[in-house]
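Summary of structural features
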Amino acid sequence: MTAFAQDSLNVVKWDLQTCLDYAKKNNIQVGSARLSQQTSQQELILSKGSALPNLYGSATQYLSNSKPTGVYGSGSYGLNSSWTLYQGGYIKSDIQQKNVEVERANLSTMQQVNDLTLQITQYYLNVLLDKETIIYQQNVVTTSKAQVEQAKKRLDAGSIAQKDVAQLFAQLANDKYTLVTAENAQRQDLISLKQLLQLPATTFDVITPDTIISKKAVDNLLNVQQTALKDRPEVKNGELYVRSAEFGLQKANSGYLPTLSASGFAGTSYQGAGSGYFNQLNNGFNQQVGLTLSVPIFTRKVNQVNRAEAKINIDQAKLSLKDTKTTLSLNIEKAYINVLNSQNQYDAAAEAFKYNQETYRVANEQLKVGIVNMVDFLQQKSLYTQALQQYIQAKYNAALTIEIYEFYKGTPVKL
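Residues numbered from 1 in each chain as written. Predicted model: local features only at pLDDT ≥ 70, side-chain atom pairs only at ≥ 80, totals over all residues. Heavy atoms only, no water.

A surface patch of nonpolar side chains, about 610 Å² in accessible area, is lined by Trp83, Leu85, Tyr86, Tyr256, Leu257 and Leu291. Broken down by element, the nonpolar patch gets its largest block of residues, three residues, from strand S4 (residues 70–86). Given a relative accessible area of 40%, Tyr86 falls into the partly exposed group. (Patch = residues over 30% accessible without salt bridge, like charges linked within 9 Å, V, L, I, M, F, W, Y side chains within 5 Å. Areas by Shrake-Rupley, 256 points an atom, 1.4 Å probe, with all protein chains shown as cover. Salt bridge = Lys/Arg side-chain N within 4 Å of Asp/Glu carboxyl O. Helix = DSSP H or I, 4+ residues; strand = E, 2+ residues; numbered from the N terminus. Buried < 20%, exposed > 50% of the residue type's maximum accessible area, 1.4 Å probe, protein only.)

Here it is, written out as structure tokens:
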């Protein structure tokens, strides 16, 4: 199927896959998730950098004035460096935690894309439903017009009552109103779809696929749940949330351990009132290295509170993961029930439409020859219209529930 089309009126037409690809690149929520992902990567770089020594240069220049010597310059220049050699395992745990946060950010982006995919699929199918409704309703209006014209001829011939013709005119007006409502629904659903796509002000439409799958074998519920609980990004994200919290506890525990750091300095200075500039720099050049050991003895309960809060974060992460798994399992079960119900409704609606369509066809033929009561005819037409709407609704509802259920087990959406 053609993914992209543009007709002579400059109407851009896309299929579902094109819509999904465009949304992944342009949707604001997905874009925001990707920026958060980049932030996490920068935090990881910063964490890794804390394991390296730093180096700072400094230079100070003075201009002095005194009565014995007059105006003269002086200055000092140096390099300072420090390096944390051991911090109770804090740096290692922080790097591991930041690595986990990068993975979580990636999974959050995937989760955002998944949610967007289902939303776009729903609106896309809504537009297709609107299109089919419009086509059927146009046929209803066309038939109603023909019935009115025929009734007018029979009225002129004196074979039909004026009130019967008036009822047919009223029915035609009602059919036109229903058609206008369907056309407006299509416009509204297209706007909603464009909003999800973040599509600029463009005349936009969707491509109708060759077939819509409304009947399909339903996979076993337990198998789909097990697959989803193993592969879905929200579950993996929750598991990594627990790991991140555990690294947080390791960082808190490091507060009870000593910190060993190395430092170094190299510098020189000169005094303008003394001997030569370069001789002073050479004679004043000095270097210094040292080790500093810091042992926590009493931290005013800072370490105790940090450790307690870290344990609370682990428990919170585990509760969140449990809730995520429970919610996902229940959502899949609901999707499973929706598939079964919608397919049964589709079968029933298709059968009802079939018989009402035939009954309406017969009633229409009877109307042509004037052997049907007008009240009975209009009632039969109303039943046909209701059956038509139920059939179209059931058809696309079944297609949507199939896509949602299949998507939970990792099958890409495809119409």
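Right, picking up where we left off after that structure.
Splitting the chain by domain gives domain 1 (12–48 + 89–256 + 298–409) and domain 2 (258–295). A C-alpha centroid distance of 69 Å is found between domain 1 and domain 2. (Domains from an automatic or database assignment.)

As for its position among the elements, Arg104 is in helix H3 (residues 90–157). In terms of polar contacts, Arg104 uses its side chain to reach the side chain of Asn237, at 2.6 Å. (Polar contact = N/O pair within 3.5 Å; in protein donor to acceptor, adjacent residues only side chain to side chain.)

To continue, consider the nonpolar core. Ranked by size, the top nonpolar core spans 58 residues in total, and within it Ile120, Tyr124, Leu197, Phe204, Val206 and Phe377 carry the most contacts. Elements with a contribution of two residues or more to this core: strand S2 (12–14), helix H1 (16–26), H3, helix H4 (162–197), strand S5 (204–206), helix H8 (302–369) and helix H9 (374–408). Those residues in contact with Val206, other than ones at most four positions away along the chain, are Trp14, Tyr124, Val127, Leu128, Lys131, Leu190 and Leu193. Core analysis: the second largest hydrophobic core is formed by 19 residues, Val235, Ala310, Ala317 and Ile402 among them. (Core = buried A, V, L, I, M, F, W, Y, C linked by side-chain atoms within 4.5 Å. Contact = heavy atoms within 4.5 Å.)

For the rest of this paragraph, the subject is H3. Over its 68 residues, H3 extends 99 Å from the first C-alpha to the last, a length consistent with the 100 Å expected when each residue adds 1.5 Å. Two residues or fewer past H3, Gly158 is found with a positive phi of approximately 80 degrees. (Expected span 1.5 Å × (residues − 1).)

Spatially, the four strands line up as an open sheet ordered S3-S4-S6-S7, and their pairing is antiparallel. Lying at the two open borders of the sheet, with one neighbouring strand each, are strand S3 (54–66) and strand S7 (286–294). Ignoring strand direction, the axes of neighbouring strands in this sheet form an average angle of 20 degrees. As judged from the 13 bridges shared by S3 and S4, these two strands associate in the antiparallel manner. Across the sheet, residue Ser66 finds its bridge partner in S4, namely Gly70. The strands touched by helix H7 (residues 277–284) within the sheet are S4, strand S6 (259–271) and S7, with S6 carrying the most contacts at an inclination of about 155 degrees. (Pairing = 2+ DSSP bridges. Axes fitted to C-alpha atoms, helices over the stretch in contact; angles between N-to-C directions.)

Attention shifts here to the environment of Leu52. Within the secondary structure, Leu52 sits in the loop between helix H2 (28–49) and S3. The spacing of Leu52 and Leu260 is 208 residues in sequence and 14 Å in space, taken between C-alpha atoms.

Once that is clear, we can look at the packing of H2 against H3. At a minimum axis separation of 9 Å, H2 and H3 run at an interaxial angle of 170 degrees. Relative to H3, the element H2 is oriented roughly antiparallel. When its residues are assigned to classes, the contact of H2 with H3 shows nine nonpolar, 10 polar and six charged. (Parallel < 35°, antiparallel > 145°, perpendicular 65-115°, else oblique. Nonpolar A, V, L, I, M, F, W, Y, C, P; charged D, E, K, R; others polar.)

Inspection of every chain in the model, using the stated rule, returns 11 aromatic pairs. Note on Tyr277 and Phe278: the rings are 5.1 Å apart at their centroids and 80 degrees apart in plane angle, and the pair reads as edge-to-face. The class for Tyr277 is partly exposed, based on a relative accessible area of 35%. Here the aromatic rings of Phe353 and Tyr391 are separated by 5.1 Å at their centres, their planes lie at 10 degrees, and the arrangement is stacked. In this pair, Phe353 sits in helix H8 while Tyr391 sits in helix H9, placing the two residues 38 residues apart along the sequence. Take Phe353: its relative accessible area is 7%, and that puts it in the buried class. Judged by relative accessible area, Tyr391 falls into the buried class, the value being 14%. Its end group placed over the ring of Tyr355, Lys354 keeps NZ or CZ at 5.7 Å from the ring centre. (Phe/Tyr/Trp six-rings, centres within 6.5 Å; stacked < 30°, edge-to-face > 60°. Lys NZ or Arg CZ within 6 Å of the ring centre and 35° of its normal.)

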